[in-house]
Structure formats: C-alpha cells, structure tokens
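Each chain, letter by letter, is given below.
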Amino acid sequence: IQTIGAGIYAQNTGGAGQGDITVLQNGTVTVTGTNTFDDGIFANTNGEGDVFVKNTGTITAQTGDGIDASITGPGFVFSDGNLTVDNTKIVTSALGYGITATSNSNDDVLVTNSGAVSGKIDGIRALSSGIGGSVTVKQTAGSTVQTGLDTNAGIRAEITNAGNSDLVWVNLAGGTVTANGDGVFAQNAGTGDVKVDVAGAVTASSEEHTSELQSQF
C-alpha cells in the first residue's frame, strides 16, 4: 500500500455501542502525504470494545504516526475495552510517533515490541486516561528509537487519571532503546505503582537524561 492518506484506516463510530477493531498487517505500508489521516495504521473505536493491531510487515509514515491505535469512547466508570498493539517487524515515522496507543476506557493498554520502532516525538507512547486499567510496554528484542526533541522519550508509559489505581509497567527484557530525550519515561498520576525493569540497553542523549531515567526506577 502506498498512499497520501492513512495506509490502513479502521474505525468504529458507534458511540456507546459495542464493536471490536482488529488490524493484522503483514505487507508494506508507505504513507507520503500530509492529509488529516496520514498514519500508517489508524485504528480507533469511539465506543465500547477492544482494539487490536498486529504488525508483521513494514510501515513507513512521513508526517503521521506509524501506528495510531486508540479508544475514545464515552469514558464512563463502566466503560471497557482493551487496547493492544504488537509489533514484530518495522514501524517508522519521520515526524510523528512510531507507535501511539491511547485509551479512555477502564481496561488495559498493552504495547509489545520485538522489531524496530522509530518515531520523532516518542518511539513508543502508551497512555490511559481512564478511571481504571493498567499501562504496559514490553520489549523483548529489537529496538526503539526517538529522533526528536530532548523533551520526549524513547518509551513513554503513563496513567493520567488521578482516580486510577492500576500499574504502569515498562519491561525492557531485551533489545535497545535510543533517545534524544529520556530513554524511558514512566509516570502514574493515580494511586497505583510504577515499575520499570531494564535488561536491555538504554542510551539517552546526555548525562542529564540518563540520570533522569535512572531516577525514575
């Protein structure tokens, strides 16, 4: 697929209705344009339901994100829907996020990587604004690279809702993370824990950012 718009666009606009989104990509997606939707993969539910994206191919986006997966439903206390992104090959964005996964539901956000992810803003961003649900980023092999400003991160994992009591966990079991900003940024605005496990190699741009990364453990 080569296009100026989204390479793959999958959306449920059903509001509070049920409906899962599943995208399985094993080919080559190249997005060269600057349209409103200019991501390699855009997968979103505006209702209740799971979003699952798996990439085993090659995704390249110029202006947009490599993979943009999100749940933007009603955000009620009882809202549910797990958000999962799994990459085993190549995802690159020249100007956006490599992978961004954001949810306002009360279920979990999970991003796994064993391939190569590169983004200008963050390499990988996983974020929950829901009243519940954990955020996990797990890398078992491969690489995550952030090429932009030193205010961003190679891997960013966040819970932003003060009422959320679940866990933020970054598990770097293998591979490498290279960033101009923080290697790993993990933050929880709720009452749950933050856990960072690093067995791979993390390289930040300066001593300042390396020490900032270490202080978050």
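Up top is the structure these notes are about.
Source: prediction; values computed, not measured.

A. Here's a closer look at the pattern of salt bridges. One pass over the full model with this rule turns up four salt bridges. The partner of lysine 54 in a salt bridge is aspartate 86, and the shortest N-O contact between them spans 2.5 Å. Here aspartate 86 lies in strand β9 (residues 83-87) and lysine 54 lies in strand β6 (residues 51-55), a separation of 32 residues in the sequence. Where aspartate 122 meets arginine 156, a salt bridge forms, and the shortest distance between an N and an O atom there is 2.9 Å. With aspartate 122 in the loop between β13 (116-119) and β14 (124-128) and arginine 156 in strand β17 (residues 153-159), the pair connects residues that are 34 residues apart, well separated along the chain. On the accessibility criterion, aspartate 122 (1% relative accessible area) is buried. Note on arginine 156: relative accessible area 13%, which makes it buried.

B. A look at the packing of aromatic side chains. With the rule as written, the count across this model stands at one aromatic pair. Here tyrosine 9 and phenylalanine 42 contribute two aromatic rings whose centre-to-centre distance is 5.0 Å and whose plane-to-plane angle is 20°, an arrangement assigned as stacked. Taken as a pair, tyrosine 9 in strand β2 (residues 8-12) and phenylalanine 42 in strand β5 (residues 41-45) lie far apart in primary sequence, 33 residues in all. Owing to a relative accessible area of 40%, tyrosine 9 belongs among the partly exposed residues under this scheme. A cation over an aromatic ring shows up here: arginine 125 above the ring of tyrosine 97, its NZ or CZ 4.3 Å from the ring centre.

C. Structural detail: the side chain of glutamate 158. Structurally, glutamate 158 is set in strand β17. The residues contacting glutamate 158, other than those within four sequence positions of it, are Ala126, Leu127, Ser128, Val135, Val168, Phe185 and Gln187.

D. A look at the sheet that holds strand β21 (residues 194-198). An order of β3-β6-β9-β12-β15-β18-β21 is seen for the seven strands of this open sheet, with the pairing classed as parallel. A strand with exactly one partner marks an edge of an open sheet, and here the two such strands are β3 (21-25) and β21. Pairs of neighbouring strands in the sheet enclose a mean axial angle of 0°, with direction left out of account.

E. Molecular detail of the environment of serine 118. Along the chain, the position of serine 118 falls in strand β13. When its relative accessible area of 19% is taken as the criterion, serine 118 is described as buried. Serine 118 sits 25 residues away from serine 93 along the chain, and the two C-alpha atoms are 6.2 Å apart.

F. Highlighting the environment of valine 135. Of note, valine 135 is situated in strand β15 (residues 135-139). Discounting chain neighbours no more than four positions away, the residues touching valine 135 are Val109, Ala126, Leu127, Ser128, Ala157, Glu158, Ile159, Leu167, Val168 and Trp169.

G. Structural context of the pairing of β15. By the criterion of burial, β15 is predominantly enclosed, with four of the five residues buried. For strand β12 (residues 109-113) and β15, the ladder comprises five bridges, and the chain directions are parallel. Within β15, the residue paired with leucine 110 across the bridge is threonine 136. The pairing of β15 with strand β18 (residues 168-172) spans five bridges and is parallel. Across the sheet, the residue bridging to valine 135 is valine 168, located in β18.

H. Layout of the sheet that holds β5. In space, the seven strands of this open sheet follow the order β2-β5-β8-β11-β14-β17-β20, with parallel pairing throughout. On the outer flanks of this sheet lie β2 and β20 (182-188), each paired with one strand and no other. Direction aside, the axes of adjacent strands within the sheet are offset by 5° on average. Alignment of strand β11 (residues 99-103) against β14, held across five bridges, turns out to be parallel. Bridge pairing links alanine 101 to alanine 126 in β14.

Criteria and thresholds
- Residues numbered from 1 in each chain as written.
- Predicted model: local features only at pLDDT ≥ 70, side-chain atom pairs only at ≥ 80, totals over all residues.
- Heavy atoms only, no water.
- Salt bridge = Lys/Arg side-chain N within 4 Å of Asp/Glu carboxyl O.
- Helix = DSSP H or I, 4+ residues; strand = E, 2+ residues; numbered from the N terminus.
- Buried < 20%, exposed > 50% of the residue type's maximum accessible area, 1.4 Å probe, protein only.
- Phe/Tyr/Trp six-rings, centres within 6.5 Å; stacked < 30°, edge-to-face > 60°.
- Lys NZ or Arg CZ within 6 Å of the ring centre and 35° of its normal.
- Contact = heavy atoms within 4.5 Å.
- Pairing = 2+ DSSP bridges.
- Axes fitted to C-alpha atoms, helices over the stretch in contact; angles between N-to-C directions.

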